[in-house]
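# Chains, contacts and geometry: an overview
The primary structure of each chain is shown beneath.
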Amino acid sequence: MSRCSVFLAALAGLFCAVAMTPAIANDVAPAQTIALWPGTPPGGGSGPRGAERMGQSGTGVGAVSNISRPRIEIYKPARPNGTAVLLIGGGGYFRIGIGHEVMPTARWLAALGVTPVVLYYRLPGEGWTPAAPFQDGQRAMRILRAKAGELGIDPKRIGVIGFSAGGNLAGIVATRFAHPFYAPVDAADQQSARPDFAGLIYPVSTLQAPYATTRSVRELSAQPDAATAYTIQLHVGHDTPPTFVTDAVDDPIVNVDTGLSLFAALLKQHVPAELHEFETGGHGWGLGKPGTLVAAWPRLFATWARSHGFMPAAASASPFAVSPQETPAVKNRAAADDGDTDDN
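Residues numbered from 1 in each chain as written. Predicted model: local features only at pLDDT ≥ 70, side-chain atom pairs only at ≥ 80, totals over all residues. Heavy atoms only, no water.

## So, helix 8 (residues 256-268)
When the terminal C-alpha atoms of helix 8 are compared, their 19 Å separation across 13 residues agrees well with the 18 Å that a helix rising 1.5 Å per residue should span. Buried residues of helix 8: Val256, Thr258, Gly259, Leu262, Phe263, Ala265 and Leu266, and no others. As for helix 8, its buried residues are in contact with strand 8 (197-201), strand 9 (243-248) and strand 10 (273-278). Regarding helix 8, its N-cap is Asn255, as a side-chain oxygen of that residue lies 2.8 Å from the backbone nitrogen of Asp257 further along. Looking at the residues trailing helix 8, positive phi occurs at His270, about 60 degrees. (Helix = DSSP H or I, 4+ residues; strand = E, 2+ residues; numbered from the N terminus. Expected span 1.5 Å × (residues − 1). Buried < 20%, exposed > 50% of the residue type's maximum accessible area, 1.4 Å probe, protein only. Contact = heavy atoms within 4.5 Å. Polar contact = N/O pair within 3.5 Å; in protein donor to acceptor, adjacent residues only side chain to side chain.)

## Observations regarding the pairing of strand 5 (residues 84-88)
Of all 5 residues in strand 5, 5 are buried; the element is thus mostly enclosed. Residues of strand 5 alternate between two faces, with Ala84, Leu86 and Ile88 on one and Val85 and Leu87 on the opposite face, all of them buried. By the bridge criterion, 4 bridges tie strand 5 to strand 6 (residues 115-120) in an arrangement that is parallel. Bridge pairing in strand 6 places Leu86 opposite Val117. The parallel pair strand 5 and strand 6, bridged by helix 2 (residues 98-111), forms a crossover whose chirality is right-handed. Sheet analysis places strand 5 next to strand 7 (residues 158-163), joined by 5 bridges and oriented parallel. (Pairing = 2+ DSSP bridges. Right-handed = clockwise from strand over helix to strand, strands pointing away.)

## A few points about the nonpolar core
Most often, soluble globular proteins keep nonpolar side chains buried together rather than apart. Membership of the largest hydrophobic core comes to 89 residues, with the highest contact counts inside it found for Ile72, Leu86, Tyr230 and Trp297. Sequence-distant contacts of Trp297, defined by excluding residues within four places in its chain, comprise Thr105, Ile161, Phe163, Ile201, Phe244, Thr246, Phe278, Trp285, Gly286 and Leu287. (Core = buried A, V, L, I, M, F, W, Y, C linked by side-chain atoms within 4.5 Å.)

## As for the packing of aromatic side chains
Counted by the stated rule, this structure contains 16 aromatic pairs. Between Phe134 and Tyr230, the ring centres sit 4.0 Å apart and the planes meet at 5 degrees, which makes this aromatic pair stacked. A residue pair is termed long-range when its members are at least 10 positions apart, and Phe134 in helix 3 (residues 132-146) and Tyr230 in the loop between helix 7 (226-229) and strand 9 qualify at 96 residues. When sorted by exposure, Phe134 lands in the same class as Tyr230, which is buried. Look at Phe244 and Trp304: their rings are 5.8 Å apart centre to centre, the planes differ by 50 degrees, and that puts the pair in the tilted class. Highlighted residues: Phe244 in strand 9 and Trp304 in helix 9 (residues 297-307), separated in sequence by 60 residues. This pair shows no difference in class: Phe244 is buried, exactly as Trp304 is. One cation-aromatic arrangement involves Arg215 over Phe94; the distance from NZ or CZ to the ring centre is 3.7 Å. (Phe/Tyr/Trp six-rings, centres within 6.5 Å; stacked < 30°, edge-to-face > 60°. Lys NZ or Arg CZ within 6 Å of the ring centre and 35° of its normal.)

## Considering the sheet that holds strand 7
The strand order across the open sheet built from 8 strands is 1-4-6-5-7-8-9-10, with neighbouring strands paired in mixed fashion. Strand pairing shows two members of the sheet lacking a second neighbour, strand 1 (32-35) and strand 10, which therefore form its edges. Adjacent strand axes in the sheet meet at a mean angle of 15 degrees when their direction is disregarded. As defined by bridge partners, strand 1 adjoins strand 4 (residues 71-74) across 4 bridges and the pair is classed as antiparallel. By the bridge assignment for strand 4, Thr33 is matched with Glu73. With respect to the sheet, helix 8 is in contact with strand 8, strand 9 and strand 10, its orientation differing from that of strand 10 by roughly 165 degrees. (Axes fitted to C-alpha atoms, helices over the stretch in contact; angles between N-to-C directions.)

## With respect to the environment of Val254
Within the fold, Val254 resides in the loop between strand 9 and helix 8. Separated by 40 residues in the primary sequence, Val254 and Thr214 place their C-alpha atoms 8.0 Å from one another.

## Description of the pattern of salt bridges
When their charged atoms lie close together, side chains carrying opposite charge are able to pair. Counted under the stated rule, the structure contains 9 salt bridges. Of the charged contacts in the structure, one is a salt bridge between Glu150 and Lys147, with a shortest N-O distance of 4.0 Å. The salt bridge partner of Arg215 is Glu219, with a shortest N-O separation of 2.6 Å. With Arg215 and Glu219 both in helix 6 (residues 215-220) and 4 residues apart, the pair spans about one turn of that helix. (Salt bridge = Lys/Arg side-chain N within 4 Å of Asp/Glu carboxyl O.)

## With respect to the pairing of strand 6
Walk down a regular strand and you will see the side chains alternate between the two sheet faces. In terms of burial, strand 6 is a largely internal element, 6 of the 6 residues being buried. Across the two faces of strand 6 the burial is the same, with Thr115, Val117 and Leu119 and Pro116, Val118 and Tyr120 all buried. Pairing geometry for strand 4 and strand 6, over 4 bridges, is antiparallel. Directly across from Glu73, in strand 6, lies its bridge partner Val118.

## Remarks on the environment of Thr115
Among the structural elements, Thr115 can be located in strand 6. Counting along the chain gives 43 residues from Thr115 to Ile158, while the straight-line C-alpha distance between them is 9.3 Å. Ignoring anything within four residues of it in the chain, the contact list for Thr115 reads Ile74, Tyr75, Pro77, Pro80, Thr83, Ala84, Val85 and Ile153.

Listed below in structure tokens is the structure:
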């Protein structure tokens, strides 16, 4: 790691110690919730029944599962600047890391004036087809563009950030945006599904050997061509949006070589890209624990996005970590104990 990266990590940790007024309070509902589909979602599959569940133990703390209502939840910053980011949590396509990945990042983005949009996507591990999450991701991007005027966002400044399996989903949305994952259902589907920029945070970028060892591979494998259909590197093209990638060298789940190969694929297609491989950090760090090397990624990402005109000119708020116990109150969700460590 460069001296600059180490310095930024320390700086991020210092700022994290300073209290910041939460842009998204624990007990505040989203400004708007939009169902992704006007009727039955496409693709088939039975899906789960009953209330959504939120994990209460182990690596599943704050993770949401039993999702039968694919949707986006939009939070309004105090001073919106027109940029929006679709946030996609990881969880191996059998749950979504809302608590420890998505909501802390949403708070940070909102403090910068960016409108965070949280995606609740269908999970193949719950009876939906493997294509379901990709249909949901593509549809979410189109809805945001179709409703940009009423949401107060710039349709040319809509990005995506995904973590782990959510990074896989974000990467496929960014590279296969023109692929017809579903038949058009209304006027919103006339909009482009291409994100304007992408942040892939410890992404499961490949489903191919010798890296086909993740929970994501297991859950998507019901589709015969999943290994090629959902390996991001294979679909990078010259029209892939500017992409930021970060991993930790000591990640026990996502091998560092996959981040390097993804970056190489981006460079080969002349896609504006930035890669940060942190010396330590493991997997699933979300926004990053204050004082760790990986806690530098939000500031690095903001600087990179700003250089492309997608973020505000100055960052007045610093990233900060939020414990799972501080996640927003969720109604109609049953507690779920889940100590499964294979959460990507």
